[in-house]
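# Descriptive structure summary
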Amino acid sequence: MVKRYFSLVSLEEAQQTIADSFSFVPGYSRVPLSAAAGRITSAPVFARSSIPPVHLSAMDGIAVRSADTTGAHEQRPVTLHDAVRLNTGNVVPEGYDAVVMIEDVEIGADDTFVIRRAAAPWQHIRPVGEDIAESEMVIPSNHRIRAHEIGALAAYGITEVEVRDLHVGLIPTGSELVPPGTRPLPGQVVESNMQMAAAYLQELGATPRQYGIVPDDQEVIRDAIMRGVGENDMLVISAGSSKGTRDYTADLIGELGELMIHGVAIKPAKPVIIGKIEDKPVIGMPGYPLAAFTILREVIRPMMDRYGLQPPAPEQLQVHLATTLDSAAGTDEFVLLSVGNVNGRWVAVPQSRGAGVQMSAVRANAYLRIPASREGLMAGEEVSAFLSVPRRVAGESLLVTGSHDPALDYLADYLTADGVLMHSTHVGSMGGILALRQGACHTAPMHLLGEGGEYNIPYLKRYLPDEELSLICVAEREQGVISRDGLGFEDLGTARIINRQRGSGTRVLFDHLLGQKGIDPVSVAGYDHEVTTHLAVALSVSAGECDAGIGVYSAAKTLGLAFRAIGTERYEMVCRTRDVEENEQVAGLLKTIASERFRECLKHLGGYRTEETGAIRTVP
């Protein structure tokens, strides 16, 4: 019998249910002082010794009895026969209550000391316990221990600190899962969600405990849940939260305890489970990586705050959205972003919204929330983004939007040496031109063939006619037919192909060549099957999804595929001319492209001519 789909509550309702259902009392442990930085104290810490432990001299000078110096002044100096020579930090002998700086002392031949100014009691003396007295509180409970406080705690005799300690058990379920480091066979998936969860929870101050992969067997999962609940303060279970035939998590939580929520109106991560077993929270996360990441951030992170672990709140930033985002009303949707500062205006470029696309999280440095009350957000609209990096780091981002090339990955790596973080979004050459026109990127890679045979400039004159632009040549590169069997362009009429998206330079070139040959695109099998990168073309061919596709030589070489060239094109990055000199990120890009290191990289990748690499053309 098919189960009914879960019922949904809002994110706010889910968070309130969690707040009302648990006491959020964390455990505690004693950790050595060397491991205490960043931890939250569960009890106050008291000094075990006084600092200083005795009276110390604060100056180089002599220890005196202040009463012996009464009446001393310039016209009537006083000679002292009972004084002790000290250096800074020396113990002041018992019976002496002041120190006179050596600069104010004349030393006589008979070991007497002449002073011309009376000393006040306890002058230039650090009294016992001046810094802290034994049994005085150093830091209170609920305090995040800062790095510089470790030195003070050590000086006060502290060797261990009692800190809050929340043990969170992590159980991955699924017969299709294989451990990290395993090369998955078809139908298998490397278990990554709990690796991510462990790292995330550790960042928040919790202590994760990872369990081995549990197969889709109801009894085995039941045993794992009971063990996890018994050994931890909280339990997180990955996968099994939907309504498939092997999704047992919700039923087992209800059987062993209380199933409070099954389904929250958020995207991704709708089928999340929130339950209670033995008064401990049990969270069931969806199996898709970005859905699991959303639950960690939007459900579990606030719980860490309630447990008193004090996770830092993400900084909010007002940004201008680069593209329109549609969304279903009634559901809060979270969208990952690449954020950067383009000519004094913060711009956000959305990443892929697929729940299984982990690279979206890798490439992103921020995210936004589309409220359930909205059916989307418009391009250019100012919205609030939550940064996942410091604002300074986001400000160093170089937004690159346009045509894809495998060499961009290496270019991005080389740029990090200059402190530039490159965020690439692959929308095709035309998409890049439009993004540049809207001020939504710093630079746009492109390779558009004009009707007269000239690359790029005819399109820039048409779509950005009033702009002063510079084109930085990355390389002249070979485009060709990628296949397993050495197919040529003449074979595409009878082959199944994979195509690039509309607006890409490769698509423009392909359509141009089809027109030259008098071939109707409709007659080409797979013409409407589109992907957004050259590597995606090569992967589709390698996997046998198609017979051939148009792409660059370096992509074919990477996967060991056959390549037959159909032409050489100019691949350039276009930016506003003023940015070449005024924008540090763009200047760093130009410097890196023109470097010998990058030229050598292109030669190693293959299929690139580097004679023009780093050359600049200007429009007009």
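First, a word on what this report is: a plain description of the structure on this page.

Here is what the cut-offs are and how they apply
- Residues numbered from 1 in each chain as written.
- Predicted model: local features only at pLDDT ≥ 70, side-chain atom pairs only at ≥ 80, totals over all residues.
- Heavy atoms only, no water.
- Core = buried A, V, L, I, M, F, W, Y, C linked by side-chain atoms within 4.5 Å.
- Buried < 20%, exposed > 50% of the residue type's maximum accessible area, 1.4 Å probe, protein only.
- Contact = heavy atoms within 4.5 Å.
- Helix = DSSP H or I, 4+ residues; strand = E, 2+ residues; numbered from the N terminus.
- Arc of directions from axis to C-beta.
- 1 Å grid on protein atoms, 1.4 Å probe; cavity = no way out; pocket = protein on both sides within 12 Å on 5 of 7 lines; lining within 4 Å.
- Points joined across faces, edges and corners; volume = space filled by probe spheres on them.
- Nonpolar A, V, L, I, M, F, W, Y, C, P; charged D, E, K, R; others polar.
- Phe/Tyr/Trp six-rings, centres within 6.5 Å; stacked < 30°, edge-to-face > 60°.
- Pairing = 2+ DSSP bridges.
- Axes fitted to C-alpha atoms, helices over the stretch in contact; angles between N-to-C directions.
- Patch = residues over 30% accessible without salt bridge, like charges linked within 9 Å, V, L, I, M, F, W, Y side chains within 5 Å.
- Areas by Shrake-Rupley, 256 points an atom, 1.4 Å probe, with all protein chains shown as cover.
- Salt bridge = Lys/Arg side-chain N within 4 Å of Asp/Glu carboxyl O.

Right, let's get into the nonpolar core. Considering soluble globular proteins, one finds that nonpolar side chains tend to be buried as a cluster. Met234, Val236, Ile283, Met285, Ile295, Ile300 and Met304 are the most contacted members of the largest nonpolar core, which has 41 residues in total. In this view, Ile283 contacts Met234, Leu235, Val236, Ile237, Val272, Ile273, Ile274, Ile295, Ile300 and Met303; residues no more than four positions away in its chain are not counted. Counting residues in each nonpolar core, the second largest holds 26 residues, with Val400, Ile472, Val474 and Leu590 among its members.

Our next topic: helix H17 (residues 596-605). Residues three or four positions apart in an α-helix share a direction because the helix packs 3.6 residues into each turn. Taken together, the buried positions of H17 are Phe598, Cys601, Leu602 and Leu605. End-on, the buried residues of H17 take up no more than an arc of 100°, which puts them together on one face. Elements in contact with the buried residues of H17: helix H9 (407-415), strand S32 (469-483), helix H14 (553-558), helix H16 (584-593) and strand S37 (608-609). Gly606 sits one or two positions beyond H17 and adopts a positive phi of about 90°.

This part is about empty space enclosed by the protein. According to the stated counting rule, one finds one cavity of 30 Å³ or more in the structure shown. In this structure, the largest cavity spans a volume of roughly 120 Å³. Looking at the largest cavity, it is lined by 14 residues, and the ones nearest its centre are Pro268, Leu290, Phe334, Val335 and Leu336. At the level of elements, helix H6 (289-306) and strand S24 (332-342) are the ones that each hand at least two residues to the lining of the largest cavity. Taken together, the residues that form the lining of the largest cavity break down as six nonpolar, four polar and four charged.

A word on the packing of aromatic side chains. Each aromatic ring pair is summarised here by two numbers: the centre-to-centre distance and the angle between the ring planes. Applying the stated criterion to the full structure yields eight aromatic pairs. Taken together, a centroid distance of 5.2 Å and an interplanar angle of 20° make the contact between Tyr367 and Phe386 stacked. Taken as a pair, Tyr367 in strand S26 (residues 366-370) and Phe386 in strand S28 (residues 382-387) lie far apart in primary sequence, 19 residues in all. The exposure class assigned to Tyr367 is buried, which follows from its relative accessible area of 9%. Through a chain of ring-to-ring contacts, three or more aromatic side chains come together here, namely Phe22, Phe24 and Tyr307.

What follows deals with unusual backbone geometry. The omega torsion across Lys267 and Pro268 is -5°, close enough to zero to call that bond cis. Positionally, Pro268 belongs in the loop between strand S19 (266-267) and strand S20 (273-277). The omega angle of the peptide bond from Val619 to Pro620 is -5°, so this bond is cis rather than trans. Tracing the chain through its elements places Pro620 in the segment after strand S38 (616-619). A positive phi angle, near 55°, is found at Glu278, a position not held by glycine. For Glu278, the position within the fold is in the loop between S20 and strand S21 (280-285). Its relative accessible area of 53% is what places Glu278 among the exposed residues. If you check the backbone angles, Asp279 has positive phi at about 65° while not being a glycine. For Asp279, the position within the fold is in the loop between S20 and S21.

In spatial order, the strands read S16-S13-S17-S21-S20-S18; together these six strands make up an open sheet with mixed pairing. Unpaired on one side and paired on the other, strand S16 (207-210) and strand S18 (258-262) mark the two borders of the sheet. Taken over all neighbouring pairs, the strand axes of this sheet differ in orientation by 20° on average, direction set aside. Here strand S17 (residues 234-238) runs beside S21; their pairing, made up of four bridges, is parallel. Its bridge partner lying in S21, Leu235 is registered against Val282. Contacts from helix H3 (residues 193-203) reach strand S13 (167-172), S16, S17 and S21 within the one sheet, and its direction differs from that of S13 by about 170°. Its contacts with the sheet place H6 against S17 and S21, and it is angled at close to 165° to S21.

Spatially, S6-S4-S7 is the arrangement adopted by the three strands of the open sheet, whose pairing is antiparallel. Two strands bound the open sheet, and with one partner strand each, they are strand S6 (84-86) and strand S7 (98-101). Strand-to-strand twist of the sheet, defined as the mean angle between neighbouring strand axes without regard to direction, takes the value 35°. Pairing analysis gives four bridges linking strand S4 (residues 61-64) to S7, with the strands arranged antiparallel. Residue pairing in the sheet places Val64 in a bridge with Ala98 of S7.

Among the surface-exposed residues, Val357, Met359 and Val362 lie close enough to one another that they form a single nonpolar patch of about 250 Å² accessible area. Looking at where Val357 falls in the secondary structure, it is placed in the loop between strand S25 (345-350) and helix H7 (358-363). We classify Val357 as partly exposed; its relative accessible area is 32%.

Considered as a void within the structure, the largest pocket measures approximately 900 Å³ in volume. Residue lining of the largest pocket: 37 residues in total, with Tyr200, Glu203, Leu204, Phe293 and Ser388 positioned closest to the centre. Counting residues per element, the ones that place at least two in the lining of the largest pocket are H3, H6, H7 and S26. Partitioned by chemical class, the residues of the lining of the largest pocket number 23 nonpolar, seven polar and seven charged. Considered as a void within the structure, the second largest pocket measures approximately 680 Å³ in volume. Together, 27 residues line the second largest pocket, and Gln351, Met359, Arg363, Ser424 and His426 are the ones closest to its centre. Only H7, H9 and strand S30 (421-426) provide two or more residues apiece to the lining of the second largest pocket.

With that settled, the discussion passes to the environment of Gly567. Structurally, the position occupied by Gly567 is in strand S36 (residues 562-576). In this structure Gly567 comes out as partly exposed when scored by relative accessible area, which is 26%. Residues Gly567 and Gly480 lie 87 residues apart in sequence; the distance between their C-alpha atoms is 6.7 Å. Non-local contacts of Gly567, meaning those with residues more than four positions away in its chain, are made with Arg477, Glu478 and Gln479.

Scanning the model with the defined rule gives 33 salt bridges in all. Among the salt bridges present, the one from Arg222 reaches Glu219, with a minimum N-O distance of 2.5 Å. Of this pair, Arg222 and Glu219 both sit in helix H4 (residues 218-231), separated by three residues, roughly a single helical turn. Its relative accessible area of 15% is what places Arg222 among the buried residues. With relative accessibility at 45%, the residue Glu219 sits in the partly exposed group. The network of salt bridges with shared partners includes Glu454, Glu476, Arg570, Glu572, Glu612 and Arg617.

Without other data, these values stay purely geometric and don't point to any function.
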